[in-house]
Amino acid sequence: MSEIQPTDRTRVRLHSERGVFDREKIYAILDEALVAHVGIAVDGQPRVIPTAILRIDDHVYIHGSPNNQLLMALERGAPACITVTLVDAIVAGRSGFGMSMDYRSVMIYAKAEKISDAAAKESLVAAFIQDILPGHIVRPPKKKEIAATVFLRFPLTEVSAKIRDVGVVDPKDDFELDVWAGIVPLKLVGGVPQDCPSLKMGVATPEYAKHYSRGR
Ligand SMILES: Cc1cc2nc3c(=O)[nH]c(=O)nc-3n(C[C@H](O)[C@H](O)[C@H](O)COP(=O)(O)OP(=O)(O)OC[C@H]3O[C@@H](n4cnc5c(N)ncnc54)[C@H](O)[C@@H]3O)c2cc1C
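These numbers were taken from a predicted model, which means no experiment stands behind them.

J.: I'd love a proper account of the side chain of aspartate 22, names of residues and values included.
T.: Here aspartate 22 is to be found in the loop between strand E1 (19-20) and helix H1 (23-32). At 5.3 Å, lysine 25 is the nearest oppositely charged side chain to aspartate 22, a buried residue that forms no salt bridge. A distance of 3.0 Å separates the side chain of aspartate 22 from the backbone nitrogen of lysine 25, its partner in a polar contact. Ignoring anything within four residues of it in the chain, the contact list for aspartate 22 reads Ser2 and Glu3.

J.: Hey, could you go over the pairing of strand E2 (residues 35-42) for me, with residue numbers and the actual values?
T.: Each regular strand shows side chains that alternate between the opposite faces of the sheet. As paired strands, E2 and strand E3 (residues 45-52) are joined by eight bridges and run antiparallel to one another. When the sheet's bridge partners are listed, alanine 36 is paired in E3 with threonine 51. Hairpin connection between E2 and E3: a loop of two residues separates the two successive antiparallel strands, and aspartate 43 in this loop has a positive phi of roughly 50 degrees. The pairing of E2 with strand E6 (residues 80-92) spans three bridges and is classified as antiparallel. Directly across from histidine 37, in E6, lies its bridge partner threonine 83.

Quick notes on the rules
- Residues numbered from 1 in each chain as written.
- Predicted model: local features only at pLDDT ≥ 70, side-chain atom pairs only at ≥ 80, totals over all residues.
- Heavy atoms only, no water.
- Helix = DSSP H or I, 4+ residues; strand = E, 2+ residues; numbered from the N terminus.
- Buried < 20%, exposed > 50% of the residue type's maximum accessible area, 1.4 Å probe, protein only.
- Lys, Arg positive; Asp, Glu negative; His and termini not counted.
- Salt bridge = Lys/Arg side-chain N within 4 Å of Asp/Glu carboxyl O.
- Polar contact = N/O pair within 3.5 Å; in protein donor to acceptor, adjacent residues only side chain to side chain.
- Contact = heavy atoms within 4.5 Å.
- Pairing = 2+ DSSP bridges.

Without other data, these values stay purely geometric and don't point to any function.
Below you can see the structure in the form of structure tokens.
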């Protein structure tokens, strides 16, 4: 795996030691994320939309309805800024200034490329399902469903990650205070699955739904 070369835009300025350009680490963050925020400028107005994201090799993919305004603007060539954020811990310092979060985040600058081939779109549907809920089995997509879904991909060339994993950073003169400090780790873990009310009799809740979690 290679290092991604920082550009003027992706050079991390504040806490530059937290900037990460190692492809493997960036890809691990993207793979853990369920959701990205895609930002574009529409007539000078910033617009940021949350959406599902999938990484395959050196691209990330998003999808949606052909009437989705964001996808239409991206298709027309609007430059995008895509971010992904994983919050790993609440950092409880001994002061307001010492409060923070440990996190892993990625920022991507790229333009979209549309996927038009029906077979490629079909395999992307399958890949999205396995990324969101590994093990889930669905019926094959209908032609009209594939036709009614736009898939866009973005190259992972101008990308940065930032990782904070240092926990509490309080000044030494706070250490004697009678105040708790520490971290509260956070993790995405599924709750108890609830069967669809119209589930066919005899269909059992699968194990993959009972034990859902993402990440390390
Ligand atoms: C969960 C979370 C909470 C945060 N809370 C705060 C907060 O309360 N206050 C605060 O000041 N900062 C916070 N940050 C950090 C924030 O995202 C920026 O990194 C920070 O504001 C410094 O920006 P800058 O001026 O260096 O960035 P800029 O100069 O605006 O950015 C330069 C380049 O650095 C890269 N970059 C900057 N930040 C990130 C990032 N987070 N992930 C990936 N690439 C990045 C991008 O490529 C960007 O184009 C938080 C980050 C996360 C993920």
